[in-house]
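Observations on chain architecture
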Amino acid sequence: WYQRRVRAVGKYCMNLAIRKCKQAGVGVVTAKGSNHYGIAGFYGLMARNEGLIGISMTNTSPLQVPTRANVCTLGTNPLSVVAPGEGEDCYALDMATTTVALGKIEVARRKGEEMPPGWGCDPQGLEATDPNDVLNGGGLFPLGGTEISGGYKGYGLALMVELFCGILAGATWGPHIRKWQTVEESRVADLGQFFMALDPSVFGEGFTSRLQDLMDYHRALQPIAGQDSVLVPGDPERQHEATCLKSGGIPYHEALIRDMGILAKKMNVDPLKTLD
């Protein structure tokens, strides 16, 4: 039920983009007045299943502090590009334009651990390693972290997503989007989203085999010490999915399981079932 509701707008828009693409070689659709649409890569996979390249992105509640600023004006603004390789293989990029998603900050707090440098900042906009500094008035850094380590590139990507999703789509943009986990959540979200399907065959033959060669070339590279292999976008998710299927469940840190149990008791619902 949750996934059907969350993806209703996104599925409609990507299906429309796919139909347009099959008629004209490319299909582009934007949405406004939307809400959280789930996993960005889901919509790219819809296009890939039709032999097409799929692109999707969305703006979100402001959690990101722009380079040289100390206030959150942009969201994690994720984007995804998915393209078909040979057989069931595919290139599947799904990324936030912040260094990490807010959830990783929350997990670090629950585990009582410091964050690596580059994840977020304190209320003064200075780099922080204490999750509480980020969660209590600070914000997420753009992808790349501070300016000296390339954070301005992530900031630029976040603005690009806002260009397509907030401005082009005619939705609410940047700092005007309702805040996350505040009383503003009673406001209409009015998120903007962008969907594109592209038929590689209109550019010539051999796309899937050439992409497969590109991915396999990088997978065959010699990994550094301590690593099993070099991966391409989509590989970590496929590996994690295989691990979950093999174990019969999804691994969570014990601190998160504990907190979910407390919430379940408070809400008078059954706690999560765990595997010993």
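Report follows, based on the coordinates. (Residues numbered from 1 in each chain as written. Predicted model: local features only at pLDDT ≥ 70, side-chain atom pairs only at ≥ 80, totals over all residues. Heavy atoms only, no water.)

Thoughts on the overall build of the chain
Counting secondary structure elements, the chain contains eight helices and eight strands. The C-alpha atoms of the chain give 20 Å as radius of gyration, which agrees with the globular expectation for 276 residues (19 Å, within 12%). Taking the principal axes of its C-alpha atoms as reference, the chain extends roughly 55 × 45 × 45 Å. Expressed as a percentage of its 276 residues, the buried residues of the chain come to 41%. When contacts within the chain are restricted to residue pairs at least 6 apart in sequence, long-range pairs at least 24 apart make up 60% of them. Approximately 16,000 Å² of the chain is accessible, and the part contributed by carbon and sulfur atoms is 57%. Each charge sign in the chain was given a centre, from 26 positive and 29 negative side chains, and these centres are 8 Å apart. (Helix = DSSP H or I, 4+ residues; strand = E, 2+ residues; numbered from the N terminus. Rg over C-alpha atoms; globule rule 2.2 N^0.38 Å. Buried < 20%, exposed > 50% of the residue type's maximum accessible area, 1.4 Å probe, protein only. Contact = heavy atoms within 4.5 Å. Areas by Shrake-Rupley, 256 points an atom, 1.4 Å probe, with all protein chains shown as cover. Lys, Arg positive; Asp, Glu negative; His and termini not counted. Charge placed at Lys NZ, Arg CZ, Asp CG, Glu CD.)

With respect to the sheet that holds strand E7 (residues 139-140)
Read across the open sheet, the three strands follow the order E6-E5-E7; overall the sheet is antiparallel. If you trace the sheet from one side to the other, it starts and ends with strand E6 (127-128) and E7, each paired once. Sheet topology places strand E5 (residues 120-121) next to E7; two bridges connect them, and they run antiparallel. Its bridge partner being in E7, Cys 121 is matched across the sheet by Gly 139. (Pairing = 2+ DSSP bridges.)

As for the pattern of salt bridges
In the structure shown here, the tally under the stated rule is 11 salt bridges. Linking Asp 89 and Arg 238 is a salt bridge whose minimum nitrogen-to-oxygen distance equals 3.8 Å. Here the residue Asp 89 occupies a position in the loop between strand E3 (79-84) and strand E4 (90-95), and Arg 238 occupies one in helix H7 (residues 235-247), the gap between them amounting to 149 residues. Take Asp 89: its relative accessible area is 16%, and that puts it in the buried class. (Salt bridge = Lys/Arg side-chain N within 4 Å of Asp/Glu carboxyl O.)

Describing the nonpolar core
Formed by 15 residues in total, the largest nonpolar core has its most connected members in Met 14, Ile 18, Tyr 43, Leu 52, Phe 195 and Ala 197. Within the residue set of this core, elements represented by two or more residues are helix H1 (2-24), strand E1 (26-34), helix H2 (40-48) and strand E8 (191-198). For this core, the leading source of residues is H1, giving five residues. Contacts of Leu 52, omitting those with residues within four sequence positions, involve Ile 18, Cys 21, Ala 47, Val 82, Pro 84, Ala 197, Leu 198, Asp 199 and Pro 200. Of all hydrophobic cores here, the second largest spans 10 residues; its members include Val 100, Ile 105, Ala 108 and Val 134. (Core = buried A, V, L, I, M, F, W, Y, C linked by side-chain atoms within 4.5 Å.)

Re a nonpolar patch on the surface
On the surface, a nonpolar cluster with roughly 460 Å² of combined accessible area is contributed by Met 260, Leu 263, Met 267, Val 269 and Leu 272. Structurally, Leu 263 is set in helix H8 (residues 254-267). We classify Leu 263 as partly exposed; its relative accessible area is 42%. (Patch = residues over 30% accessible without salt bridge, like charges linked within 9 Å, V, L, I, M, F, W, Y side chains within 5 Å.)

A look at the sheet that holds strand E2 (residues 53-58)
Two modes of strand pairing occur in sheets, parallel and antiparallel, and in both the strands are linked by backbone hydrogen bonds. Spatially, five strands are ordered E1-E8-E2-E3-E4 in an open sheet, and the strand pairing comes out antiparallel. Strand pairing shows two members of the sheet lacking a second neighbour, E1 and E4, which therefore form its edges. Sheet twist, expressed as the average angle between the axes of neighbouring strands with direction ignored, equals 10°. The strands touched by H2 within the sheet are E2, E3, E4 and E8, with E3 carrying the most contacts at an inclination of about 25°. (Axes fitted to C-alpha atoms, helices over the stretch in contact; angles between N-to-C directions.)

What about the packing of aromatic side chains?
Any pair of aromatic rings gets described here by the distance separating the centres and the angle formed by the planes. The final tally for this structure, using the stated rule, is five aromatic pairs. With centroids separated by 5.2 Å and ring planes inclined at 90°, the aromatic side chains of Phe 42 and Tyr 43 adopt a geometry described as edge-to-face. Under the relative-accessibility criterion, Phe 42 is labelled partly exposed at 22%. For Tyr 43, a relative accessible area of 0% gives the class buried. Three or more aromatic residues joined by ring pairs make a cluster, and in this case those are Tyr 37, Phe 42, Tyr 43 and Phe 195. (Phe/Tyr/Trp six-rings, centres within 6.5 Å; stacked < 30°, edge-to-face > 60°.)

Regarding the side chain of Asp 122
Mapping Asp 122 onto the fold places it in the loop between E5 and E6. It turns out Asp 122 is buried and unbridged, and the closest side chain with the opposite charge, Arg 68, is 16 Å from it. Side-chain polar atoms of Asp 122 contact the backbone nitrogen of Gln 124, separated by 2.9 Å. (Polar contact = N/O pair within 3.5 Å; in protein donor to acceptor, adjacent residues only side chain to side chain.)

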